[in-house]
Amino acid sequence: MISDDLPLSRASVDRTAVARADEELIRRARADGRTRVLLVRDGSVVMRTPSGDADPLVGEGWGRRAGGTVRVAFLDPGTAEAVARAADAAPRDAEPADAAPPGTAPADPEPADAEPGDGGWLFLGRDDDGDVLARRVRPEHSAPRSGAPSDVLVHRPRRDSGAAADAAIAASSGLTNGTSSSPSTSSGSTSSTVSSSAAHTAPTSPSDVDAEPVPEPLPGLRWVALRAIGAELSDADAGLATTAVALDAWHARHPRCPRCGAPTTSTAAGWTRRCTVDGSEHYPRTDPAVIMAVVDDSDRLLLGHAAAWAPHRFSTLAGFVEAGESIEHAVRREVAEETTVLVGDVAYVGSQPWPFPASLMLGFRARALSTDVVVDGVELTEARWFSRDELAAAVATGDLVLPSPASIAHALIEDWYGGPVPTSD
Ligand SMILES: [Zn+2]
């Protein structure tokens, strides 16, 4: 069982959901000197860098070098607001004026930042030290980015027109310490803007930390991608950052009512959006995805290589649960669609939120009933069975690059392997 301590599944601060109904909650918390505020922007949060390292976030492998010393930076409400306002005022990537056809929604995905009330503020929870809020900061880019290529394979429905390219899916990885382990996964994007930005992202190492300077006045702090650093954080920081990133991604992608298309506004301290025309209320979305360690009668593990990935990178199969489908069925369907391998018994082993932008990864061990593998050659270009010895040998020679130790995929592989898997990078 790999549950419970997956990096982005950890949390220790009480969400105090009952407090969200208080319409004065955000206002009062902002006026309370004890309130701590986390800044969130497009999958990243502002973190305090290890002392003594001049510019620790530049270059690959930073997370490992940080050695667990990275911490979420909590600011006072006034400073957080100042940073958010500075970002609002800063020039950003401009969409071509004619980008949006007449009659469609504006290209700017985030009218929420400009709205009154709770706009831009999120209530994350409360502990003995007071309330914890998040302040959303407008991204430098017009469209939210989905991040680096995934560590896992997420099968896109073939009916998804034109999606071969955007295919690729999305999310990915993280760094760090092997024992506590793992997030990773998927995320297919729910919008074409996200997909297209993913498409131009070259396959990169999972250690490609997304680090950018924070606008003044915050010297020494940096934006750090949660997916890259999640496993380095404390339980409290991981839980708060994951929730903030998930809510921020939802607000950014749902500025309008799904029923009538009118703008919606953030209410319930950031946990609800209400339509300004018909009053309907909408709640944060989570898209379930399955990820599975498929094992045959010889105890070999099935791993696949996606076309979008760097050479030699293999991971466990994964995909989104479809409408009207059980998760067990999704496991069997995805494996059959991606490899033609038939799956019998399916056992749940753990879950992890992967809010890039909205996935919940559900991990399984699955028993194969057949071993012949046929891939589609487009999305998935190779899939192979590995014995433990074959896996270790392939990793040693560099012929196999496994998902990052922070991923749930890695945890699944380790669970099958029976111990720490040789690291490939
Ligand atoms: Zn509406």
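Note that the coordinates shown come from a computational prediction; the quantities given were computed from them, not determined experimentally.

Engineer: Hey, could you run me through the sheet that holds strand β11 (residues 272-275) in this one?
Structural biologist: Within a sheet, each strand pairs with its neighbour through backbone hydrogen bonds, oriented either parallel or antiparallel. Strands sit in the order β10-β11-β12 across an open sheet of three strands; the sheet is antiparallel. Among the strands making up the open sheet, the edge pair consists of β10 (264-267) and β12 (281-282). Of the strand pairs in this sheet, β11 and β12 are connected by two bridges, and their pairing is antiparallel. Its bridge partner being in β12, Arg274 is matched across the sheet by Glu281. Its contacts with the sheet place helix α7 (residues 235-253) against β10, β11 and β12, and it is angled at close to 15 degrees to β11.

Engineer: How should I be thinking about the environment of Arg285 in this particular structure?
Structural biologist: Within the element layout of this structure, Arg285 appears in the loop between β12 and β13 (287-295). Placed 36 residues apart in sequence, Arg285 and Ala249 show a C-alpha to C-alpha distance of 9.6 Å. Residue contacts for Arg285: discarding those within four places in its chain leaves Trp250, His254 and Ala358.

Engineer: Sorry if this is basic, but what is going on with α7 here?
Structural biologist: At 3.6 residues per turn, the α-helix brings residues three or four places apart onto the same side. For α7, spanning 19 residues, the distance from its first C-alpha to its last is 27 Å, which sits close to the expected 27 Å at 1.5 Å a residue. Among the 19 residues that make up α7, 16 are buried, leaving the element largely enclosed by the rest of the structure.

Engineer: How do you make sense of the nonpolar core when you look at a structure like this?
Structural biologist: The nonpolar side chains of a soluble globular protein tend to be buried with one another. Counting 52 residues, the largest nonpolar core has Leu38, Leu124 and Leu391 as the members making the most contacts within it. Examining the composition of this core, we find that seven residues originate from one element, α7, more than from any other. Excluding residues that lie within four positions of it along the chain, Leu38 makes contacts with Val45, Val72, Ala73, Phe74, Leu124, Leu133, Ala134, Arg135, Leu240, Ala241 and Ala244. The next biggest cluster of nonpolar side chains, apart from the first, holds 20 residues, and it includes Ile26, Val37, Val83 and Ala84.

Engineer: Would you take a moment to explain the coordination of the zinc ion for this structure?
Structural biologist: Ideal geometry at a metal centre gives angles of 109.5 degrees when four donors are arranged tetrahedrally and 90 or 180 degrees when six donors are arranged octahedrally. Binding of the zinc ion to the protein goes through Cys257 (SG), Cys260 (SG), Cys275 (SG) and Asp278 (OD), at separations of 2.2 to 2.4 Å. Coordination at the zinc ion is tetrahedral, judged from the four donor atoms that bind it and the angles of 103 to 119 degrees they form at the metal. All donors of the zinc ion come from a single chain, and their spacing in sequence reads C-x2-C-x14-C-x2-D. Of this pair, Cys257 sits in the loop between α7 and β10 while Asp278 sits in the loop between β11 and β12, and the two are 21 residues apart along the sequence. Look at Cys257 and you get buried, because its relative accessible area is 4%. Given a relative accessible area of 33%, Asp278 falls into the partly exposed group.

Engineer: Please clarify how the pairing of strand β14 (residues 301-306) should be interpreted in this entry.
Structural biologist: A regular strand places its side chains so that they alternate between the two faces of the sheet. Counting buried residues in β14 gives six out of six residues, a clear majority hidden from the surface. On β14, burial covers both faces: Leu301, Leu303 and His305 on one face and Leu302, Gly304 and Ala306 on the other are all buried. One ladder, built from two bridges, connects β13 with β14; its direction is antiparallel. Residue pairing across strands places Val294 opposite Leu302, the latter belonging to β14. Where β13 hands over to β14, the hairpin turn is made up of five residues, of which Asp299 adopts a positive phi near 65 degrees.

Engineer: Which parts of the structure should I look at to understand the pattern of salt bridges?
Structural biologist: Where charged atoms of side chains with opposite charge meet at close range, the side chains can pair. Overall, the coordinates contain 19 salt bridges when judged by the stated rule. One salt bridge connects Arg274 with Glu281, and the closest N-O pair in it is separated by 2.7 Å. The class of Arg274 is partly exposed, set by a relative accessible area of 35%. Taking relative accessible area as the criterion, Glu281 reaches 34% and is therefore assigned partly exposed.

Engineer: What is the right way to read the packing of aromatic side chains from this model?
Structural biologist: Under the counting rule described, the total for this entry stands at four aromatic pairs. With 5.8 Å between their ring centres and 70 degrees between their planes, Tyr348 and Phe364 make a pair best called edge-to-face. Linking Tyr348 in strand β16 (residues 343-354) with Phe364 in strand β17 (residues 359-368), this pair joins segments that are 16 residues apart in sequence. With 4.7 Å between their ring centres and 80 degrees between their planes, Trp354 and Phe356 make a pair best called edge-to-face. For the cation-ring pair, Arg20 lies above Trp271, with the distance from its terminal atom to the ring centre recorded as 3.6 Å. The cationic tip of Arg388 hangs over the ring face of Trp416; the distance from NZ or CZ to the ring centre is 4.7 Å.

Engineer: Help me understand the side chain of Thr243, please; the structure alone is not making it clear to me.
Structural biologist: Inspection of the secondary structure assignment puts Thr243 in helix α7. Given a relative accessible area of 10%, Thr243 falls into the buried group. Setting aside anything within four residues of it in sequence, one finds Thr243 in contact with Arg15, Leu124 and Trp271.

What counts, and where the lines are drawn
Residues numbered from 1 in each chain as written. Predicted model: local features only at pLDDT ≥ 70, side-chain atom pairs only at ≥ 80, totals over all residues. Heavy atoms only, no water. Pairing = 2+ DSSP bridges. Helix = DSSP H or I, 4+ residues; strand = E, 2+ residues; numbered from the N terminus. Contact = heavy atoms within 4.5 Å. Axes fitted to C-alpha atoms, helices over the stretch in contact; angles between N-to-C directions. Expected span 1.5 Å × (residues − 1). Buried < 20%, exposed > 50% of the residue type's maximum accessible area, 1.4 Å probe, protein only. Core = buried A, V, L, I, M, F, W, Y, C linked by side-chain atoms within 4.5 Å. Donors = N, O, S within 2.8 Å, 3.2 Å for Na, K, Ca; no water. Tetrahedral: all angles 85-135°; square planar, octahedral: opposite > 155°, others 65-115°. Salt bridge = Lys/Arg side-chain N within 4 Å of Asp/Glu carboxyl O. Phe/Tyr/Trp six-rings, centres within 6.5 Å; stacked < 30°, edge-to-face > 60°. Lys NZ or Arg CZ within 6 Å of the ring centre and 35° of its normal.

No statement about biological role is implied by the geometric values presented.
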